Amino acid sequence: ARSYGGFANDVPTFAQKTSDGGFIIAGYTESFGAGNSDILLIKTDGYGNIQWAKTYGTAGNEIAYSVQQTSDGGFIIVGDTGHDYSQNIGRDILLIKTNANGDIQWAKIYGRAGFDGAYSVQQTSDGGFIIAGYTSLDNYPSPSKIILLIKTDANGNVQWAKTYGGAGKEKDRYILQTSDDGFVIAGVISSIYNYDKELFLAKIDTN
């Protein structure tokens, strides 16, 4: 067993085994970084010993929800940036590509006037990325959310973005590319009037 952290809140949100037998851990930290919460990325060996740790962020709030190792040995991280519940300020999706040592190669922000978030990212067969999350044009607290998918090229430039959903709260939590180059998404649907939730599973084509 291993513990990592500092004097304040340090929270992991996702972990994955890496090609060298170690682990990559993503989340957020309030102990280190530029201020408030910053994205925290920790790389360990197979025994959980830290090889390196990096923080990414600003004086605002940044959180990572998913990390994947990429074909070049680096990492792709998705989360959100800019949210401030106390001031009803919206948030945007943050995508960060690093090299194998966690150094930033590029970072992209996607969003509109309201609240946008992402929970899952995967590298696609063409070397680009697919991001799964949600969007809402309403201010916090948001009465409704719809599914948002963003497909980018290898440099994070948007190739297409699609929304799906209705008047409820719909969030896709996970996305995987399928053998026909389409995608399968899994998530949660709930009514804006109560807290009852249902699971959903959807298959979409490559576009």
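A few points on the structure. Along each chain, numbering runs from 1 in the same order as the chain's sequence is written. Two thresholds apply to this predicted model, a pLDDT of at least 70 for residue-level local features and 80 or more for giving and counting side-chain atom pairs, whereas whole-chain, interface and lining totals are computed over all residues. Note that water and hydrogens are dropped before the side-chain values are worked out from all heavy atoms of the structure.

**Some words on the side chain of threonine 152**
The numbering of helices and of strands both runs from the N terminus, where a helix is a DSSP run of H or I of at least 4 residues and a strand a run of E of at least 2. Tracing the backbone shows threonine 152 in strand E11 (residues 146-152). Note on contacts: a residue pair is in contact if any heavy atoms of the two residues lie within 4.5 Å. The residues contacting threonine 152, other than those within four sequence positions of it, are Tyr110, Gly128, Phe129, Ile131, Asn157, Val158 and Gln159.

**Here we look at the environment of alanine 15**
Assignment of secondary structure puts alanine 15 in strand E1 (residues 10-17). In sequence terms alanine 15 and isoleucine 42 are 27 residues apart; their C-alpha atoms lie 9.3 Å from each other. Those residues in contact with alanine 15 that lie beyond four places of it in its chain are Ile24 and Ile25.

**A closer look at the packing of aromatic side chains**
Each aromatic ring pair is summarised here by two numbers: the centre-to-centre distance and the angle between the ring planes. Aromatic pairs are defined between Phe, Tyr and Trp rings, using the six-membered ring for Trp, whenever the two ring centres lie within 6.5 Å; interplanar angles under 30 degrees are classed as stacked, those over 60 as edge-to-face, and all others as tilted. Scanning the entire structure with this criterion turns up five aromatic pairs. Between tyrosine 65 and tyrosine 119, the ring centres sit 5.2 Å apart and the planes meet at 65 degrees, which makes this aromatic pair edge-to-face. Linking tyrosine 65 in strand E5 (residues 62-69) with tyrosine 119 in strand E9 (residues 115-123), this pair joins segments that are 54 residues apart in sequence. Classification of residues uses two cut-offs on accessible area relative to the type maximum, computed with a 1.4 Å probe and protein chains only: under 20% is buried, over 50% is exposed, and between them is partly exposed. By relative accessible area, which is 22% here, tyrosine 65 ends up partly exposed. For the ring pair tryptophan 160 and phenylalanine 183, a centre distance of 6.5 Å and an interplane angle of 65 degrees mean the geometry is edge-to-face.

**Focus on the pairing of E9**
A large share of E9 lies buried, amounting to eight of its nine residues. Between any two strands, at least two bridges found by DSSP are needed for them to pair. The pairing of E9 with strand E10 (residues 129-136) spans eight bridges and is classified as antiparallel. By the bridge assignment for E10, glutamine 122 is matched with isoleucine 130. In this antiparallel pair of consecutive strands, E9 and E10, the connection spans five residues, and glycine 127 shows a positive phi of 90 degrees.

**Digging into the sheet that holds E1**
Spatial strand order, E1-E2-E3-E4: four strands in an open sheet with antiparallel pairing. Since the sheet does not close on itself, it has two edges, and those belong to E1 and strand E4 (50-56), each with one partner. Averaged over neighbouring strand pairs, the angle between their axes works out to 20 degrees when direction is ignored. Summarising the sheet, strand E2 (residues 23-29) and strand E3 (residues 38-44) pair through seven bridges and their orientation is antiparallel. Looking at E3, one finds that tyrosine 28 is bridged to isoleucine 39. Here an angle of 0 to 180 degrees is reported between the N-to-C directions of two axes, which are lines fitted to C-alpha atoms, with helices fitted over the stretch in contact.

**Brief notes about the pattern of salt bridges**
Criterion for a salt bridge: a side-chain nitrogen of Lys or Arg within 4 Å of a carboxyl oxygen of Asp or Glu. One pass over the structure, following the stated rule, counts six salt bridges. Lysine 43 is paired through a salt bridge with aspartate 20; the nearest N and O atoms lie 3.1 Å apart. Taken together, the residues lysine 43 in strand E3 and aspartate 20 in the loop between E1 and E2 connect sequence positions 23 residues apart. Looking at lysine 43, the relative accessible area reads 5%, which means it is buried. The residue lysine 97 makes a salt bridge to aspartate 72 at a minimum N-O spacing of 3.1 Å. Note that lysine 97 is positioned in strand E7 (residues 92-98) and aspartate 72 in the loop between E5 and strand E6 (75-81), a separation of 25 residues in sequence. For lysine 97, a relative accessible area of 5% corresponds to the buried category.

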